[in-house]
Structure formats: C-alpha cells, structure tokens
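Single-letter residue listing:
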Amino acid sequence: MSNSDPKVGPKPGQWPPAPESAAMPPSSWAKRTGFRPKFSGETNASDSGQISLPPRPKEQKNSQPDVEASRVRATLPQPTPAPPPAAVNGTDKAVIVPAENKDQTVVKRRRDSDGGSGGGAKKDGLGHGENGAGPNGVPEGPRRAVVRNEEVIDVEDDGFVSGRPTHMKYELRDTPGLVPIGLYGFQHYLSILGSLILIPLVIVPAMGGTHEDTSMVVSTVLFVSGVTTLLHTSFGSRLPLIQGPSFVYLAPALAIINSPEFQGLNGNNFKHIMKELQGAIIIASAFQTILGYSGLMSVFLRLINPVVVAPTFAAVGLSFYSYGFPRVGTCLEIGVVQILLVIMFSLYLRKISVFGHRIFLIYAVPLGLAITWAAAFLLTEAGVYSYKGCDVNVPASNIISDHCRKHVSSMKHCRVDTSYALKSSPWFRFPYPLQWGTPVFEWKMALVMCAVSIISSVDSVGSYHASSLLAASGPPTPGVVSRGIGLEGLCSVLAGLWGTGTGSTTLTENVHTIAVTKMGSRRAVELGACALILLSLIGKVGGFIASIPEVMVAALLCFMWAMLSALGLSNLRYSEAGSSRNIIIVGLSLFFSLSVPAYFQQYGISPNTNLSVPSYLHPYIVASHGPFRSKYEGLNYFSNTLLSLNMVIAFLVAVILDNTVPGSQQERGVYVWSETEAARREPAITKDYELPFRVSRILRWVKWVGF
C-alpha cells in the first residue's frame, strides 16, 4: 500500500501500531469539525477521529493545502486474510477491516431518524473537515468498515462542544410522538419569549401608541411569527429556526420613528408612522427576496465568514446601551431585582435539573419576569407606591405639590396597575393585513431598510450554519441558504403587510435555545408555531403582555441584548480566535461600530439643546443634524441615518478587512457548505433539506436555490 501524494501525512506503519500516550480531549467545537487551530488555545486538542479519504481528482484543486495536510489518505487494499494496516490520523487510530469481517467490527454510527445510512461515510464534496462538514466520499472499490474511537460529541448548555457521551435528544427529522413534541415545542417558544414580545413593547410607545395599540401589535407579531415559521421550516432552509421580529430592525425603526417630519404630527401619530414603517419594510423585503431567489446570495456567501458575523451582531446588542439601564433606573428596586434574578437563574442555577430539564437555564427570562411582576403587584396592592393626595393619572406637568412631584417616577414606573391594556383587550381578535391602513412608500426610508436587510441576511447565514451543526446531518448547500434568505424576504413582506413594525428574520437566540434544550426536531418548532397562531387570536394574551411595566421590559432587554452580543462573538469559535489577524479585525470592527456612529449622533448637538424626544432616543434623530448636508435632502437622510447605525459600521469594517487581509481558510474559519451534486447522492442530506410535496423535483433546474 502506497501513497504518492507529497502533501499527505506519514504512511501507515506496522500492524499492530505501537501504543501512544492518550491525547488530551478537545475542549471546543474542534472535536466535531475536525478543525486543528494553531492560535486559538486549542493546540492540545486531538483530531476528531474522522476518517477522510481522497477526494476525486476534479475536486483536489479546490482543497486548501493546510486542510489537505491534516487529512489522511490511504489506498484501500483488496480483501485478503492478512492483518489490515492502520490508518493514522493525528493521535487517533483507525482500523480498516475487510468487508468479510465486518461482523467482528464495532462501528459507531450517528443515529439517522429515517433509518438511512446517514452515519456512514459521506460522499465527496461534503466539506473538508471544517466547521461541521462531514468526511469526504469513499472512492470506488470494495466496501470497508471503519473503526474509530467510540465517542459521541455533545453540545454543552452554553452552545459549545464537549466530549460527553450524549448528544441531541431529537434531531431534525425525528418525530418522537405528539406529547413529547408538544412539550418541547412549548418549552422552545417559552424560552425565547423575550425575543418575540419585547420589540413591540419598545417601538409602539415610541410611536405614540397607547396600551391598546401595543396589545394589537403584540398579537400581530405572534400571528406573523407562527405563520412565517411554518413557511420557513417547510419551504425555506427547513432547519428548526423560529422566525420573528429581529433586534436588527429595531435601530433603523427607531431612526425612522424619530425622523424630523414626524416630530410635529397632530392626531394619531401611531398609525401614520406605522404606515411609513410598513412601506419601508415591504420594499426592503422585496429586495431581500430578490437577493435570495436570484442566486446573488450564493455569490455573497463568499464574503461572509465568522470573523464578519461575530462583530456585526455583537454590535447589534451593544448599540442599545443608552436605553437599557437608564430605563431600569426609573425604578431601581424593581429593575435591578429582575436583572439579578435572571443572572442567578441563567448562571448560578443553570446546572440544576427538575425532571430532567434545566428549567432555570431554559426559562430564566420568563421566570425572572413572573417573580418580579408578582413582587411588584404585591407592593402595589400593599400601598407602597400610593402617596396621599397624589394621582398617578395626572400628567407630571400639571402636578403642583412638591410631595407628589418627588414621587411621580415611582408612581408611574413601579406600579403595575397604570396600564389598562388587559381590561380593554377583546377576548377574540383576528390580525389581518393592512389593519393600520395603506402603507406609505418613502424611498429614503426604504433604502435604509434595504441596507439593514443585508445585515439581517448575514445574521441568518450564521444561524443556518450553527443550527445545522446541532440538528442536521450536514451543512446546507449554498442553494438552500439562498432559498432560506429568499423566503425570509417573503416572510418580511408579510410582516410589512400585517404591520408588525419590523421585518421578520431568523431569531439568533434560537440557536442557543436548540443547544440548551437539545431539541432539534423541526416538528416541535412547527407545532409550537401552530400554538402561537392560536394564542394570537386571543386578544387577552396580547393585552396581558402589553401590561408588562416598562421598567421590567428594560431589565429584560439588558439581559437579551447582552446575550445577543455574546452569541455574535461566539461565532469566533469557528475560526482561530487567538490569531492576531482576527483579533485586530474584530477589535477594529467593534470599536469603530461604537465610535463612528457616536460622531454622527453627536454632530451639531450642543449639550444644552432642548430636544422633544426622550434622552434614550437621542441617538436615533441623527438624520436632522448629521454631517452630510448636501442639497439633496433624501441623500442626507440616507447617509446620516445609515452611518449612525452601529451594526452597519461593524459590518463594513469587518467585511472589507476580512476579505482583503491575507489569511488561510483555516485561520479565517470560512463557513463550509455542502456541494450540491454530492448532497444529492447523500440520502440523509437530501431528506434534511429537500422541499416537501416533490417541489424540489419541479425546481430542480433552478440550481441556485436548492438541490
């Protein structure tokens, strides 16, 4: 047996191989992906134990030298009674056994829910041992059974990979039964409840809407989220990802809401501004749809790497620091307690299991909200926030008594009975399209949203890759990614027609929830989406959510935005995080994402300027005073607003530097996607991502949006 390739590792030695000292177990995602970093602190990690065989000649030119150097190639002999040689892969050993003796071999296969051979060796083209890609295909010749270290990789509760002998409870195509699916589906949606409901609780009051308006928008968000999730799991990427209002759209929505032309409105400001938002979202969503279904997203994927995704979405969470704790400070005894409770549940009590479920980690947000809300209700009923001669319904400007003026903040923000949304909400209400009126289309606002839709697509790309590592048998193809982005555009069109105030996209927090709950079944997400649609029809549910005190909303957002920033930075684990190249790129991206928008937001504003909007909304009125002051008002609006958004600056800096500064694919952590032709020959990959009702066969000629 010989190998003429000079790039490969050492030839197989004598049989049996000499014993070697056990390698230290890997402490990161490298155990699953086969990635061997040089700078990220993982130098003691052994190989993943995957057996990589030679690719076909036509694909060797596309393989990176540094990846090929870590791959073992061995020519498989014909079956003979002689003892088989050993294939060496790093510190792991593999035995190649003739097919006649395979009954004497223990083969560790990954479970395939459809009974296929998804755990066997994958065909050629399904990655090169990076970022969760499977091993390459077996060349033609006698079949061989492969023995490798019997160790199944598990994803810890924080989303990282460990070497514990367990795995996901249910994978993508698993259908364990109605009761388990219902239980896990409810658990899945309850764990990301904050992501679904908090954005309406922020933007509706900013538009001047009442508690009743907030209740209706919350019901609409629940309805649209359920419908778009069903569409995405059926005709999009088909991964178990929940669609909903994204924090990516929050900053541009606030910028549009605080545009100069809306400051002097009289009458129903809410409906007027909502129609402007709807028009901008519909145009931006149509642009995103074209980006996906035209195949341009497949080209754009070459520019999107973990080093780009990480700072871009860390900037999304960091950009709202001026809203978080300043709003919590309006009632410290309620807001701080809630923050501490969520931190205690998610960190200190995260290992505690009840009936096999880590309820404190999974339900940290709803548990913290329930306990704090109950405490605030008891304090309100006990009269702690009732002051003699003071009425909470009297505007602050009309309060004459110094005693009442001193306690006006506590009366308005600490009491839980200032909202009448629950009482005024109907029992049944069906959200319908154009319920706020005909959308208004303004090109300058639409251009801002179009740019943001690109950022949203970048977020979804990272979520597709991360979730496929957890739940699917392999990464999706570039066509599947394009198909998912195109459908997300259509879903955002629906969000614009129904009037949710933001676009619809994949919730990044959903990937963390999959890792925590170990529930990767698409059926559980679909059943939960159906339950969400039913809940949206009950008006009292929206009224109940709308009655959450503002200080509690701000406290929850402090946690959600912090977690969003951390989830963004966690994408660096797919690259060499300790590389000086990546450190400098990420550092520059994060710093300029905070500093450049601060320049635009503060330009032309003196400290004594009396602005008509609350202080926490000052960063979003930049369009009226930014440094761009040409004779074209629309261009000024677009330039000042776009460059004042933190995530846009982070994305521009990261994508330019990462694609111009030299670096190997291993160092950059380039996302690896399955090749279309190879995926068609792999039953497990095909069943994971193929469209239902034989739609894939009809669209087979459209190569850039699927198989």
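Please read all numbers here as calculations on a predicted model, not as lab measurements.

What counts and how
Starting from 1, residues in each chain are numbered consecutively following that chain's sequence as written. Reporting of local features is limited, given that this is a predicted model, to residues whose pLDDT is at least 70; pairs of side-chain atoms are given and counted only at 80 or more, and all residues count toward the totals for whole chains, interfaces and linings. With hydrogens and water stripped out, all remaining heavy atoms of the structure feed into the side-chain values. Pairing of aromatic rings covers Phe, Tyr and Trp, the last counted by its six-membered ring, and requires centre-to-centre distances within 6.5 Å; plane angles under 30 degrees mean stacked, over 60 mean edge-to-face, and any other angle means tilted. Three exposure classes are used, based on accessible area relative to the maximum for each residue type with a 1.4 Å probe and protein chains only: buried under 20%, partly exposed in between, and exposed over 50%. A ring is scored as having a charge over it whenever the NZ atom of a lysine or the CZ atom of an arginine sits within 6 Å of its centre and within 35 degrees of its normal. Residues forming no salt bridge and having over 30% relative accessible area are the ones grouped into patches, like charges within 9 Å of each other and nonpolar side chains (Val, Leu, Ile, Met, Phe, Trp, Tyr) within 5 Å. Where accessible areas are quoted, they stem from the Shrake-Rupley method and a 1.4 Å probe; at the residue level, only the protein chains shown are allowed to cover. Any carboxyl oxygen of Asp or Glu that lies within 4 Å of a side-chain nitrogen of Lys or Arg is treated as forming a salt bridge with it. The numbering of helices and of strands both runs from the N terminus, where a helix is a DSSP run of H or I of at least 4 residues and a strand a run of E of at least 2. Residue contacts are counted whenever heavy atoms from the two residues lie within 4.5 Å of one another. The rule for a disulfide is simple: a pair of cysteine sulfur atoms within 2.5 Å. Every angle, taken between N-to-C directions, lies between 0 and 180 degrees, and every axis is a line fitted to C-alpha atoms, over only the stretch in contact when it is a helix. For classification purposes, an angle smaller than 35 degrees is called roughly parallel, one larger than 145 roughly antiparallel, one from 65 to 115 roughly perpendicular, and anything else oblique. Note on convention: the crossing is left-handed when the near helix lies turned anticlockwise from the far helix by less than a right angle, right-handed when the turn is clockwise. Amino acids outside the nonpolar list (Ala, Val, Leu, Ile, Met, Phe, Trp, Tyr, Cys, Pro) and the charged list (Asp, Glu, Lys, Arg) are all regarded as polar, and Gly is one of them. A residue's pLDDT is the predictor's confidence in that residue, given on a scale from 0 to 100. Counted as a polar contact is a pair of N or O atoms within 3.5 Å, where, for protein atoms, one must be capable of donating a hydrogen and the other of accepting one, and residues adjacent in sequence contribute only when both atoms are in side chains.

*Asks:* Please explain the packing of aromatic side chains as it appears in this structure.
*Replies:* Under the counting rule described, the total for this entry stands at 15 aromatic pairs. Arranged with centres 5.7 Å apart and planes meeting at 75 degrees, the rings of F591 and F592 form a pair that is edge-to-face. A relative accessible area of 52% means that F591 is categorised as exposed. Of the residues examined, F592 reaches a relative accessible area of 33% and is grouped as partly exposed. Taken together through their ring pairs, the aromatic side chains of F247, F320, Y323 and W561 make up a single cluster. Its guanidinium or amino end placed over the ring of W427, K540 lies 5.5 Å from that ring's centre, counting from NZ or CZ.

*Asks:* Any chance you could explain a nonpolar patch on the surface here in plain terms?
*Replies:* On the surface, a cluster of nonpolar side chains totalling about 680 Å² of accessible area is made up of W427, F428, F430, Y432, L535 and I538. Inspection of the secondary structure puts F428 in the loop between helix 17 (421-424) and helix 18 (443-471). Exposure remark for F428: the relative accessible area of 58% places this residue in the exposed category.

*Asks:* Help me understand the environment of L487 in this model?
*Replies:* As for its placement among the helices and strands, L487 is situated in helix 19 (residues 478-498). Note on L487: relative accessible area 7%, which makes it buried. Linking L487 and T505, residues 18 residues apart in sequence, is a C-alpha distance of 9.6 Å. Those residues within four positions of L487 in sequence are excluded, and the remaining contacts are L231, H232, F235, G236 and Y293.

*Asks:* Explain the state of the cysteines to me, please; I cannot follow it from the model alone.
*Replies:* Working definition of a disulfide: a covalent bond connecting the sulfur atoms of two cysteines. Per the stated rule, a full pass over the model turns up 1 disulfide. In this model C331 forms its disulfide with C414; the gap between the sulfur atoms is 1.9 Å. Residues C331 and C414 are joined through a disulfide that is right-handed, its torsion about the S-S bond being 120 degrees. Pair noted here: C331 is in the loop between helix 11 (324-328) and helix 12 (332-348) and C414 is in the loop between helix 16 (408-413) and helix 17, with a separation of 83 residues, a long-range link. Relative accessible area serves as the criterion here: at 2%, C414 is assigned to the buried category.

*Asks:* Help me understand the packing of helix 14 (residues 364-381) against helix 23 (residues 550-569) in this model?
*Replies:* For any two helices packed against each other, one specifies the inter-axial angle together with the distance between the axes. Where helix 14 contacts helix 23, the two axes come as close as 11 Å, and the packing angle between them is 155 degrees. Between helix 14 and helix 23, the interaxial angle falls into the category roughly antiparallel. Judged by the twist between their axes, the crossing of helix 14 over helix 23 is right-handed. In this structure, helix 14 uses V365, L369, T372, W373 and A376 to contact helix 23, whose residues at the interface are M552, L556, F559 and M560. Per-class residue counts for the contact of helix 14 with helix 23 are 8 nonpolar, 1 polar and no charged.

*Asks:* Even after reading the chapter, I still don't get the confidence of the model for the protein chain, so can you show me in this structure?
*Replies:* When pLDDT drops low, the exact placement of atoms in the prediction is not to be read closely. Mean pLDDT over the protein chain stands at 75; residues scoring 70 or higher make up 71%. Predicted confidence for residues 19-129 stays below pLDDT 50, and this span has 248 contacts to residues more than four positions away or in other chains.

*Asks:* Looking at this model, I keep getting lost on the side chain of S521. Mind explaining?
*Replies:* By secondary structure assignment, the location of S521 is in the loop between helix 20 (509-517) and helix 21 (522-536). A polar side-chain atom of S521 sits 3.2 Å from the main-chain amide nitrogen of R523. Ignoring any residue separated from it by four or fewer positions in sequence, one finds S521 in contact with Y170, E171, L172, D174 and P240.

*Asks:* Sorry, what's going on with the packing of helix 18 against helix 25 (residues 633-642) here?
*Replies:* Interhelical geometry of helix 18 versus helix 25 gives an angle of 30 degrees and a closest axis separation of 9 Å. One finds that helix 18 runs roughly parallel with respect to helix 25. Considering how the two elements wind past one another, helix 18 and helix 25 form a crossing that is right-handed. Together, W443, K444, M445, L447, V448 and A451 of helix 18 and E633, G634, L635, Y637, F638, T641 and L642 of helix 25 make up the contact between the two elements.

*Asks:* Honestly, the pattern of salt bridges in this entry has me stumped. Any pointers?
*Replies:* Proximity of charged atoms lets side chains of opposite charge pair with each other. Applying the stated rule across the entire model yields 6 salt bridges. A salt bridge links R173 to D688; the shortest N-O distance between them is 2.5 Å. One end of the pair, R173, is in the loop between strand 5 (161-162) and helix 4 (178-191); the other, D688, is in helix 29 (residues 683-689), and 515 residues separate them in sequence. Judged by its relative accessible area of 14%, R173 is buried. Residues R680 and E677 are paired through a salt bridge, measuring 3.3 Å at the closest nitrogen-oxygen approach. One end of the pair, R680, and the other, E677, are both in helix 28 (residues 676-680), 3 residues apart, so they sit about a helical turn from each other. Overall, the relative accessible area of 27% leaves R680 in the partly exposed class. Here the residues in one salt-bridge network are R581, D658 and R668, joined through shared partners.

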